[in-house]
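Coordinate analysis (summary)
This is what each chain is made of:
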Amino acid sequence: MKKDINWKELGFQYIKTDYRFLSEFKNGAWDEGRLIEDDKVVLNESAGVLQYAQTCFEGLKAYTTVDNKIVTFRPDMNGQRMIDSCSYLEMPVFDKEKFIEAVRKTVKANEGYVPPYGFGASLYIRPYMFGSNAVIGVKPADEYQFRIFTTPVGPYFKSGAKPIVIRISDFDRAAPKGTGHIKAGLNYAMSLHAIVDAHNKGFAENMYLDSATRTKVEETGGANFIFIDKNNTVVTPKSNSILPSITRRSLMYVAEHYLGLKTEEREVYVNELSDFKECALTGTAAVLSPVGIINDHGKEIKMPSGMDDMGEITKKLYETLVGIQLGTIKAPDGWIYEIK
Ligand code: PLP
Ligand code: COI
């Protein structure tokens, strides 16, 4: 039975659901894992995660399709990225197949919280791992917890499908050099000041630049960029210090194979921003959110697609991706994992 939730009004927030998944790593091995009801995590005061921020996470969504199935989108990609994050952070990896199975179990147990088809909402799934035993010297923990919780969500940006206003940030990219490819708690902690500062000044997000030359576009605090140029080519910044967004990689495939558009992953310079027709933010939470204005230290770069709606190509990309996720458009093999 579906829970009594106003699906239409959901924003991007945490709502406690009934079950979460927990697996514990002790004496060099992961246990079987189980679903639990307790949403509290009780830890030693010197746990590795609390002292040295040894933690990483993932984000994906479950959807109700047009034919009333519950599915997830490319969870194998999240499982692989989490393996990459864990390896970099000296944490034990959690097997990809077991990751997918744990996602499946957790979503199934919280079925009543998966928003029905047609509300523009989904169940956000947050797998995460952290060092759980006491460490006081600077070193990796010996014990870990892998957990998954879920929360029903609506749009990440308050404006929904309306274009948003962002600014070029003077703060550096959240991720310390070389860690952009991992989804580590520390990277996000380092971005919080920049995000609060942007919000205080009326901007929805920061456009971070490469820290070495401050001439190239990287990403925002929670999403990658795509741009549409005058020839309708879909352009996305190439950088090894941004998070390799699964949504962005999927959209580039959709652009090429579903819409017949040219795509380019290349360095994108700040001084070419005004040449683009469209700009949008892409990620699991952001989906594909149009950007109307990029504020460059007081100078407004207005995207010709305007402030009222998505640009033409952004809209096609958005509708195709969402159609694939919701089962109205045939998905490439292996993209959709049926849960129920
Ligand atoms: N970049 C950052 C910094 C993010 O936090 C996210 C969200 O996960 C993304 C990009 C988008 O990645 P994905 O499409 O895999 O969710
Ligand atoms: C996601 O899109 O899954 C993220 O982790 C981004 C975060 C800002 C919610």
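Computed from a predicted structure; not experimentally measured.

**Considerations on the overall build of the protein**
What the protein contains, in helices and strands, is 7 helices and 17 strands. Against the compact-globule benchmark of 20 Å for 340 residues, the protein has a radius of gyration of 20 Å, which places it among compact chains. Its C-alpha atoms give the protein principal-axis dimensions of roughly 55 × 50 × 35 Å. Scored against the burial criterion, the 340 residues of the protein give a buried share of 53%. Sequence-distant contacts, at least 24 apart, represent 70% of the contacts inside the protein between residues at least 6 apart. Total accessible area computed for the protein in this model is approximately 15,500 Å², and 51% of it derives from carbon and sulfur atoms. Placing the 42 positive and 44 negative side-chain charges of the protein at their respective mean positions leaves the two points 2 Å apart.

**Things to note about the domain arrangement of the protein**
For the protein, the domain assignment lists domain 1 (7-153) and domain 2 (164-326). Using C-alpha coordinates to define each centre, domain 1 is positioned 25 Å away from domain 2. When the two sides are added together, the surface that domain 1 and domain 2 hide from each other amounts to roughly 1,900 Å², 67% of it contributed by carbon and sulfur. The largest share of the area that domain 1 buries against domain 2 comes from Phe57, Phe73 and Arg81, three residues that together contribute 33% of it.

**Here we look at the site of ligand 2**
Neighbouring ligand 2 are the residues Phe12, Phe57, Gly59, Tyr124, Arg126, Tyr156, Lys183, Gly222, Thr284 and Ala285. Take Lys183: an N or O atom from its side chain is 2.6 Å from an oxygen atom of ligand 2. Partitioned by chemical class, the residues of the shell around ligand 2 number 5 nonpolar, 3 polar and 2 charged.

**Concerning the packing of helix H2 (residues 75-88) against helix H3 (residues 96-109)**
Two numbers describe how H2 lies on H3: the axes approach to 9 Å, and their chain directions differ by 125°. The orientation of H2 with respect to H3, classified from their angle, is oblique. Seen along the crossing, H2 lies across H3 with a hand that is right-handed. Here Pro75, Asp76, Asn78, Gly79, Gln80, Met82 and Ile83 of H2 come into contact with H3, specifically with Lys96, Phe99 and Ile100. For the contact of H2 with H3, the class distribution of residues is 5 nonpolar, 3 polar and 2 charged.

Here is what the cut-offs are and how they apply
Residues numbered from 1 in each chain as written. Chains lettered and ligands numbered in written order. Predicted model: local features only at pLDDT ≥ 70, side-chain atom pairs only at ≥ 80, totals over all residues. Heavy atoms only, no water. Helix = DSSP H or I, 4+ residues; strand = E, 2+ residues; numbered from the N terminus. Rg over C-alpha atoms; globule rule 2.2 N^0.38 Å. Buried < 20%, exposed > 50% of the residue type's maximum accessible area, 1.4 Å probe, protein only. Contact = heavy atoms within 4.5 Å. Areas by Shrake-Rupley, 256 points an atom, 1.4 Å probe, with all protein chains shown as cover. Lys, Arg positive; Asp, Glu negative; His and termini not counted. Charge placed at Lys NZ, Arg CZ, Asp CG, Glu CD. Domains from an automatic or database assignment. Buried area = accessible area lost by both parts, 1.4 Å probe. Near = heavy atom within 4 Å. Polar contact = N/O pair within 3.5 Å; in protein donor to acceptor, adjacent residues only side chain to side chain. Nonpolar A, V, L, I, M, F, W, Y, C, P; charged D, E, K, R; others polar. Axes fitted to C-alpha atoms, helices over the stretch in contact; angles between N-to-C directions. Parallel < 35°, antiparallel > 145°, perpendicular 65-115°, else oblique. Left-handed = near helix turned anticlockwise from the far one by under 90°.

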